[in-house]
Amino acid sequence: MLWFGFGFNAFGQIYDHDKLRLDGSEIKVMNPTEITRRVDRSDSRQKMHMKCSGIRASWSRRISLHLDGENCVCLAGFGAIPSSGYCGTYIEESFGCKDAFISESYLTLAFPERIECWNLKNNEKTRTWSMEIVTQSDSSGAPLNLPLVPGGYIAAKPPFYRSLSPQLKAKSLALGAEHVILLSATGAVYTWGLGSHGQLGHGDLTSEEEPRAVEALWGIPMSSVATGGWHSVCISAGGDLYVWGWNESGQLGLPSRALRKAQQQSSQKPEESSNREKNEEVFISIQAFPALLDITQCCEVRTVSCGSRHTAAVTTTGDLYTWGWGEYGQLGHQTLMSSDEPQRVDFFREQRMCVVDVVCGAWNTFAAVTMEEVSCTCNK
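Please read these numbers as outputs of a predicted model, since none were measured by experiment. Throughout this description, residue numbers start from 1 for each chain and increase along the sequence as written. Confidence filtering applies because this is a predicted model: local features only for residues at pLDDT of at least 70, side-chain atom pairs given and counted only at 80 or more, and all residues used for totals across whole chains, interfaces and linings. Here the side-chain values reflect all heavy atoms present in the structure, with hydrogen atoms and water set aside.

(A) Broad picture of the overall build of the chain. Only DSSP runs of H or I reaching four residues or more are called helices, and only runs of E reaching two or more are called strands; each is numbered from the N terminus. Looking only at helices and strands, the chain features three helices and 29 strands. Only protein chains enter the accessibility calculation, which uses a 1.4 Å probe. A residue is then buried if its area is under 20% of the maximum for its type, exposed if over 50%, and partly exposed in between. Counting every position in the chain, which comprises 380 residues, the buried fraction comes to 53%. On the chain, roughly 17500 Å² of surface is accessible, and the fraction owed to carbon and sulfur atoms is 48%. To measure how exposed things are, a 1.4 Å probe is used in the Shrake-Rupley method; for residues, cover is taken only from the protein chains shown.

This is the structure we're talking about:
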């Protein structure tokens, strides 16, 4: 399995650069670029290839999880030691970890019997917080993944540990800029936190201090959830995608008034303004309750991830679709254009690659692929 990255690269999150080019091409990576598997082991003076099991990303950093034996994490981006040609700096303190989660200020490491949070703002490696845990699984027998931990979850800032009611039977959890979305073992979705952009999905802009079920999804079992800065998404057990929250940049895949206006101004076609005014009611700035988004009719959605203002989804046939804000090339369409319509990233099909996973940073996107021919026959 190979990983590719595209989008914001000012700190070398996708690939390291010694100095920036005048055209800024190394800051905005429009073409999917393979992330090397070479690991610089400064502690043993070894440089080796290690299988990347997963990627996590924040605005200025990216970590690669290597869980195929010698479990460890490598850091790339802000704070990492520049190492051209390598996937990142090996973090000695991560040896033996089974999962990791990164924010702009902290790195959280999950070990079999404890959770640790390390301060990334301090040049000297400082363990800020730790907690012993009793290993357990959710009701389905699957292990819990960060930020979810037994009895609660780990927040992006102190206090790190936040408890959850055992009645929620949490299966997975995702953190937005100021809100949280939770998937229960029964397939129900709960949200809480800031609701000013409709990101909670309760039909209003009210904030919630405690987990509240998204009633519009009752009776539709969900299989996964994800959240961006101010929008939320989930996938049903049947492979349908539901979206809600802020749509200012088209991140919901719904018609965006602000985005269309910006596109018209850049294309200098004032004659279209009258048509826009006539159809102004179709534009959606805030979607306060879940809406079904049809990406493609020939296949279902396998997995989804959200950046700050963009969204990426992988279909069951191995295609990657992206939409939303694209100013740094994070949509992978080899342009800097934003889009309020899901569009397939043709690069992977052209290279006969099958996309199996996707992870979004705030302003970039990372896709895992295998060298298998995609079977989808859609032309969309």
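(B) Main features of the confidence of the model for the chain. Across the chain, each position has a pLDDT score giving the predictor's confidence in that residue, from 0 to 100. When pLDDT is averaged along the chain, the result is 88; 84% of the residues meet or exceed 70. Whether two residues are in contact is decided by their heavy atoms, any of which lying within 4.5 Å being enough. In the model, residues 376-380 has pLDDT below 50 throughout and makes 14 contacts with residues more than four positions away in sequence or in other chains.

(C) Broad picture of the sheet that holds strand β2 (residues 28-34). The sheet built from four strands is open, its strands ordered β2-β1-β29-β28 with antiparallel pairing. Strands at the two margins of the open sheet, each flanked by one partner only, are β2 and β28 (354-360). Here the average twist between neighbouring strands, direction ignored, is 15 degrees. Bridge count for β28 against strand β29 (residues 364-370) is six bridges, and the pairing is antiparallel. Counterpart to V359 in the pairing with β29 is F366. Criterion used throughout: strands pair if DSSP finds at least two bridges between them. Angles shown run from 0 to 180 degrees and are taken between the N-to-C directions of axes, each axis being a line fitted to C-alpha atoms and, for helices, limited to the stretch in contact.

(D) Layout of the sheet that holds strand β13 (residues 148-149). Pairing is antiparallel across the open sheet formed by three strands, whose spatial order is β13-β14-β15. Looking at strand neighbours, the two that pair on one side only are β13 and β15 (161-163), the edges of this open sheet. In this structure, strand β14 (residues 152-154) lies alongside β15, joined through three bridges in antiparallel fashion. Each residue of the ladder has a partner; that of Y153, found in β15, is R162.

(E) Inspection of unusual backbone geometry at higher detail. Cis rather than trans, the peptide bond between L146 and P147 has omega equal to 10 degrees. Assignment of secondary structure puts P147 in the loop between β12 (126-132) and β13. At the junction of P158 and P159, the peptide bond is cis and its omega measures out at -10 degrees in the coordinates. Assignment of secondary structure puts P159 in the loop between β14 and β15. The phi dihedral of R352 is positive, around 55 degrees, even though this residue is not glycine.

(F) Representation of the environment of N122 in the model. Here N122 shows up in the loop between β11 (114-119) and β12. By relative accessible area, which is 34% here, N122 ends up partly exposed. Sequence-wise, N122 and G79 are 43 residues apart; in three dimensions their C-alpha atoms are separated by 9.2 Å.

(G) Representation of the nonpolar core. By nonpolar core is meant a set of buried Ala, Val, Leu, Ile, Met, Phe, Trp, Tyr and Cys residues that side-chain atoms within 4.5 Å join together. Ranked by internal contacts, the top residues of the largest apolar core, which has 16 residues, are V233, L241, V243, L293, I295, V304 and W323. Elements with a contribution of two residues or more to this core: β21 (231-236), β22 (241-246), β23 (286-293), β24 (301-306) and β26 (320-324). Sort the elements by how many residues they give to this core and β24 lands first, with three residues.

(H) Broad picture of the pattern of salt bridges. Each reported salt bridge corresponds to a side-chain nitrogen of Lys or Arg within 4 Å of a carboxyl oxygen of Asp or Glu. One pass over the structure, following the stated rule, counts 10 salt bridges. In this structure, the salt-bridge partner of R349 is D319, at a minimum N-O distance of 2.8 Å. Residue R349 is found in helix α3 (residues 346-350), and its partner D319 is found in the loop between β25 (310-315) and β26; the two are separated by 30 residues along the sequence. By relative accessible area, D319 is classed as buried at 2%. In this structure, a network of salt bridges that share partners links the residues R114, E116 and R127.

(I) Geometry of a nonpolar patch on the surface. Patches draw on residues past 30% relative accessible area with no salt bridge. Two like charges within 9 Å are joined, as are two nonpolar side chains (Val, Leu, Ile, Met, Phe, Trp, Tyr) within 5 Å. Side chains of F11, W59 and F78 sit close together on the surface and give an oily, nonpolar patch of about 270 Å² of accessible area. Assignment of secondary structure puts W59 in the loop between β5 (54-57) and β6 (61-66). By relative accessible area, W59 is classed as partly exposed at 30%.

(J) Here's a closer look at the environment of T227. With respect to the helices, strands and loops of the structure, T227 is situated in strand β20 (residues 222-227). Taking C-alpha positions, T227 is 9.3 Å from L173, a pair spaced 54 residues apart along the chain. Polar contact is defined as a pair of N or O atoms within 3.5 Å, subject to the rule that within protein one atom must be able to donate a hydrogen and the other to accept it, and that residues adjacent in sequence are counted only when both atoms are side-chain atoms. Polar side-chain contacts of T227 include one of 2.8 Å to the side chain of H179. From its side chain, T227 meets the backbone oxygen of H231 in a polar contact 3.0 Å long.

(K) Main features of the packing of aromatic side chains. Only centres within 6.5 Å qualify two rings of Phe, Tyr or Trp (six-membered ring in Trp) as a pair; their planes then separate them into stacked at under 30 degrees, edge-to-face at over 60, and tilted for everything else. Under the counting rule described, the total for this entry stands at 17 aromatic pairs. Ring plane angle 85 degrees and centroid distance 5.8 Å describe the contact between F4 and F348, whose orientation is recorded as edge-to-face. Of this pair, F4 sits in strand β1 (residues 2-8) while F348 sits in helix α3, placing them 344 residues apart in sequence. The two residues F4 and F348 agree in class, both being buried. Aromatic side chains W59 and W363 sit 5.6 Å apart centroid to centroid with 85 degrees between the ring planes, which places their arrangement in the edge-to-face category. Of the two residues, W59 sits in the loop between β5 and β6 while W363 sits in the loop between β28 and β29, which places them 304 residues apart along the sequence. Grouped by ring-pair contacts, the aromatic residues F8, F11, W59, F78, W325, Y328 and W363 constitute a single cluster. For a Lys NZ or an Arg CZ to count as sitting over a ring, it must be within 6 Å of the ring centre and within 35 degrees of the ring normal. Here the basic side chain of K28 rests over the ring of Y328, its NZ or CZ set 5.1 Å away from the ring centre.

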